[in-house]
Amino acid sequence: MRRTLKKTEIIRGKRNFEQIFDRGVRIRSAFIQGLVLIAPAAGESPPGVRIAAVVPKAVGKATIRNRLKRLIRESYRLDKSILLSPGQHLDNTLNVVFLWSPRTRVPTRTVTLGIVREEIAGLLQKIKEQFT
């Protein structure tokens, strides 16, 4: 399995985010929540997994938020094989939004890729058990 993150794997558009936040199922971990919504495959959303990383303004300044989003995307990119085994295909689109919890009282400057990767790996395992 290629470990790249293609443009087709990224959720875009206000309507898509509204649907996921309204109807998505929340899966929690210590720092990050996962919002998961299964949608039928269509033209703009081919079958497979699409993701987005969201960090609210309450976390801090833009540089901190952008760094956390980069860490979330990189963690997913490295561990996305947890969700889909090589050769496994989905008939529907699995939309996942990783949401950093603003109530987390961890100093954001001390957050490393290893910490975020553990959180994402745990969430991906829970998502796999529930949705695939």
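Residues numbered from 1 in each chain as written. Predicted model: local features only at pLDDT ≥ 70, side-chain atom pairs only at ≥ 80, totals over all residues. Heavy atoms only, no water.

(A) Quick look at the packing of aromatic side chains. Considering all chains together, one arrives at two aromatic pairs under this definition. Judged by centre distance (5.8 Å) and plane angle (20°), the rings of F31 and W100 are stacked. Note that F31 is positioned in the loop between β1 (25-28) and β2 (32-40) and W100 in strand β4 (residues 92-100), a separation of 69 residues in sequence. Residue F31 shares its accessibility class with W100, and that shared class is buried. Seen in terms of ring centroids, Y76 and F98 are 6.2 Å apart; in terms of plane orientation they differ by 45°. Their pairing is tilted. Linking Y76 in helix α2 (residues 62-79) with F98 in strand β4, this pair joins segments that are 22 residues apart in sequence. (Phe/Tyr/Trp six-rings, centres within 6.5 Å; stacked < 30°, edge-to-face > 60°. Helix = DSSP H or I, 4+ residues; strand = E, 2+ residues; numbered from the N terminus. Buried < 20%, exposed > 50% of the residue type's maximum accessible area, 1.4 Å probe, protein only.)

(B) Inspection of the sheet that holds β4 at higher detail. The four strands lie next to each other as β1-β2-β4-β3, forming an open sheet whose pairing is mixed. Bordering the open sheet on either side are β1 and β3 (48-54), each of which pairs with just one other strand. For this sheet, the mean angle separating the axes of adjacent strands, direction not counted, is 25°. The sheet contacts of α2 involve β2, β3 and β4, and relative to β3 the element is tilted by about 160°. Those strands touched by helix α3 (residues 113-131) are β1, β2 and β4, and its axis lies near 35° from that of β2. (Pairing = 2+ DSSP bridges. Axes fitted to C-alpha atoms, helices over the stretch in contact; angles between N-to-C directions. Contact = heavy atoms within 4.5 Å.)

(C) Geometry of α2. The end-to-end C-alpha separation of α2 is 26 Å, in line with the 26 Å expected for 18 residues at 1.5 Å each. Where α2 is concerned, the buried positions are R65, L68, L71, I72, S75, Y76, L78 and D79. Axial view of α2: buried residues confined to an arc of 165°, hence all on one face. Where the residues of α2 are buried, they touch β2, β3, β4 and α3. (Expected span 1.5 Å × (residues − 1). Arc of directions from axis to C-beta.)

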